[in-house]
Amino acid sequence: MSGPLMIDLEGPRLSAPERERLAHEAVGGVILFTRNYESPAQLRALVQSIRQIRPRILIGVDQEGGRVQRFQSGLTRLPPMRSFGLTWERDPENGRAIAHAAGWLMASELRDMDVDFSFAPVLDLDHGVSSVIGDRSFHSDPQVVAELAGAWIEGMHEGGMAAVGKHFPGHGAIAADSHHELPSDTRTLEQILEHDAVPFRELAESLDAVMPAHVVYPGVDDQPAGFSPFWLKNVLSREVGFRGVVISDDLTMTGAALAGEPPERARAALDAGCDLLLVCNDPEAADAVAASLSEAGARASAGLVSLRGKPLPGPRGAFRSTARYRDTRAALLRMLDEAPA
């Protein structure tokens, strides 16, 4: 692994330009999407072809569950996080247990295909106003979110996978979607720290990485959190106590445009405290960022090694024959059937 740039791919197999892009010294990771997936066997072949070019590259995916599960066919459909919150309301002990089991199953299925990590869990609170968060949130209560996400993280770790908490310090209190506009949350720092930031503080020692929100909090700083040294160095590191990897949200999103053109966004994110930079759905932007990072001599943070997946015990796919896997899968499919529309 060499550079701090994480790029995407166009389809289920590598193209010649993508092979060249992957070999660039600034590239240290690949994020996969639904368009890159056909089946577990196809994905294994794609990952192998990526690793033939860059053996130690990081490979990640958004495999949260519900609306945001990039790989589905041949894998377990995961219910939205809200379903775990509803289970917790009926039976807290069972809610924690199924969240732990789901984290383990999700991680095991991805590690079986040599994907290093999922950008999960979502730590945003459900304030009832954000369409982009909504049922991706475990709950509206920060302590319940911390409890269920903590169990999910323990399961991910057991399945050999690092956990990425998102979107710091909280994206759930605003209606705007940062994919398409720059949201603004006018609350004070004290209000955010006492509410939305609680899960990040509670789980600071368990999380391997955090993804900041492309949201401006004008009562705190005039820069979106992912470009703000105040948010990332003062608040996330010093106040919250997080010492792991910081991964930018996609630098091509509209919510990132305030920082300038893609190379300027990349430099601003690095200066603010990000360790890994996502540039998706725009190959020209990825090439421009790679060139600028190479010119600046930007190297990957040593902490990125913590995001590499760990081997599963036993032969490939052995976990699928266990009672734990069968029972967890059945329980998750029941939850999916019962999930509110």
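All of these numbers come straight from a predicted model, not from anything done at the bench. (Residues numbered from 1 in each chain as written. Predicted model: local features only at pLDDT ≥ 70, side-chain atom pairs only at ≥ 80, totals over all residues. Heavy atoms only, no water.)

Novice: What is the right way to read the overall build of the protein from this model?
Specialist: Within the protein, the secondary structure is distributed over 11 helices and 10 strands. Over its C-alpha trace the protein gives a radius of gyration of 19 Å, about what one expects of a compact globule, namely 20 Å for 341 residues. In terms of its C-alpha atoms, the protein occupies a principal-axis envelope of roughly 55 × 50 × 30 Å. Of the roughly 13200 Å² of accessible surface on the protein, a fraction of 49% belongs to carbon and sulfur atoms. Distance between charge centroids for the protein: 7 Å, based on 33 positive and 47 negative side chains. (Helix = DSSP H or I, 4+ residues; strand = E, 2+ residues; numbered from the N terminus. Rg over C-alpha atoms; globule rule 2.2 N^0.38 Å. Areas by Shrake-Rupley, 256 points an atom, 1.4 Å probe, with all protein chains shown as cover. Lys, Arg positive; Asp, Glu negative; His and termini not counted. Charge placed at Lys NZ, Arg CZ, Asp CG, Glu CD.)

Novice: Is there a simple way to explain empty space enclosed by the protein in this structure?
Specialist: The probe, sized like a water molecule, is rolled over the atoms to show the empty space still left. Counted by the stated rule, this structure contains 1 cavity of 30 Å³ or more. The space that makes up the largest cavity amounts to roughly 30 Å³. Forming the walls of the largest cavity are Gln63, Gln69, Leu75, Thr76, Leu78, Leu105, Met106, Glu109 and Leu110. When residues in the lining of the largest cavity are grouped by element, the largest group, 4 residues, is from helix H4 (residues 92-111). When its residues are assigned to classes, the lining of the largest cavity shows 5 nonpolar, 3 polar and 1 charged. (1 Å grid on protein atoms, 1.4 Å probe; cavity = no way out; pocket = protein on both sides within 12 Å on 5 of 7 lines; lining within 4 Å. Points joined across faces, edges and corners; volume = space filled by probe spheres on them. Nonpolar A, V, L, I, M, F, W, Y, C, P; charged D, E, K, R; others polar.)

Novice: It is not clear to me how the packing of helix H3 (residues 81-90) against helix H5 (residues 142-158) should be interpreted in this structure. Could you clarify?
Specialist: Two quantities define a packed helix pair, namely the angle between the helix axes and the distance between the axes. Interhelical geometry of H3 versus H5 gives an angle of 110° and a closest axis separation of 11 Å. Considering the angle they form, H3 stands roughly perpendicular to H5. Handedness of the H3/H5 crossing: right-handed. Contact residues: Met81, Phe84, Gly85 and Trp88 in H3; Val144, Glu147, Leu148 and Trp152 in H5. When grouped by side-chain class, the residues that make up the contact of H3 with H5 number 6 nonpolar, 1 polar and 1 charged. (Axes fitted to C-alpha atoms, helices over the stretch in contact; angles between N-to-C directions. Parallel < 35°, antiparallel > 145°, perpendicular 65-115°, else oblique. Left-handed = near helix turned anticlockwise from the far one by under 90°. Contact = heavy atoms within 4.5 Å.)

Novice: Would you explain unusual backbone geometry in this entry?
Specialist: Glycine aside, the phi torsion of most residues is negative, and most peptide linkages are trans. For the peptide bond that leads from Lys166 to His167, omega is 0°, which places it in the cis range. Here His167 shows up in strand S7 (residues 164-168). In this chain, Phe168 is followed by Pro169 through a cis amide linkage whose omega measures 0°. With respect to the helices, strands and loops of the structure, Pro169 is situated in the loop between S7 and helix H6 (189-194). Unusually for a residue other than glycine, Asp114 sits at a positive phi of about 65°. Along the chain, Asp114 falls in the loop between H4 and strand S6 (117-118). With a phi angle near 60°, Asn281 is a residue other than glycine that sits in the positive phi range.

Novice: Any chance you could explain the pairing of strand S8 (residues 209-212) here in plain terms?
Specialist: Strand residues, when the strand is regular, have side chains that alternate between the two faces of the sheet. Residues Ala209 and Met211 point to one face of S8 and Val210 and Pro212 to the other, with burial holding for every one of them. The pairing of S7 with S8 spans 4 bridges and is parallel. Residue pairing across strands places Phe168 opposite Pro212, the latter belonging to S8. Here S8 pairs with strand S9 (residues 245-246) via 2 bridges, running parallel. Across the sheet, the residue bridging to Val210 is Val246, located in S9. A crossover connection joins S8 to the parallel S9 through helix H8 (residues 229-239); in handedness this β-α-β unit is right-handed. (Buried < 20%, exposed > 50% of the residue type's maximum accessible area, 1.4 Å probe, protein only. Pairing = 2+ DSSP bridges. Right-handed = clockwise from strand over helix to strand, strands pointing away.)

Novice: Mind showing me how you'd approach the pattern of salt bridges here?
Specialist: Opposite charge on two side chains lets them pair, provided their charged atoms get close. Under the defined criterion, the tally for this structure stands at 19 salt bridges. Across the salt bridge formed by Arg67 and Asp135, the nearest N and O atoms sit 3.0 Å from each other. Remark: Asp135 occurs in the loop between S6 and H5 and Arg67 occurs in the loop between strand S4 (63-65) and strand S5 (68-69); sequence separation between them is 68 residues. On the basis of relative accessibility, which here comes to 18%, the residue Asp135 falls in the buried class. Overlapping salt bridges, with partners in common, bring together Asp62, Glu64, Arg70, Arg136 and Lys166 in one network. (Salt bridge = Lys/Arg side-chain N within 4 Å of Asp/Glu carboxyl O.)

Novice: In this structure, what is going on with H8? I would like to understand it.
Specialist: Counting along an α-helix, one turn takes 3.6 residues, and residues three or four places apart therefore face a common direction. Here H8 has its buried residues at Trp231, Leu232, Val235 and Leu236. Taken around the axis of H8, the buried residues stretch over an arc of 120°, which confines them to a single face. Backbone geometry just after H8 places Gly241 at a positive phi near 85°. (Arc of directions from axis to C-beta.)

Novice: Explain the packing of aromatic side chains to me, please; I cannot follow it from the model alone.
Specialist: Each pair of aromatic rings is reported with the distance of its centres and the angle of its planes. Enumeration over the complete set of coordinates arrives at 11 aromatic pairs. Between the aromatic rings of Phe138 and Trp152, the centroid separation amounts to 6.3 Å while the plane-to-plane angle is 70°, which identifies the pairing as edge-to-face. Pair noted here: Phe138 is in the loop between S6 and H5 and Trp152 is in helix H5, with a separation of 14 residues, a long-range link. Phe138 gets classed as buried once you look at its relative accessible area, which sits at 1%. (Phe/Tyr/Trp six-rings, centres within 6.5 Å; stacked < 30°, edge-to-face > 60°.)

Novice: Got a minute to help me understand helix H9 (residues 262-272) in this structure?
Specialist: For H9, the full list of buried residues reads Pro262, Arg265, Ala266, Ala269, Leu270 and Ala272. Looking down the long axis of H9, one finds its buried residues gathered within 165° of arc, a one-sided arrangement. In the core, the buried residues of H9 are packed alongside H8, strand S10 (277-279) and helix H10 (283-296). Once H9 ends, the next one or two residues include Gly273, with phi positive near 130°.

These figures capture arrangement, not role.
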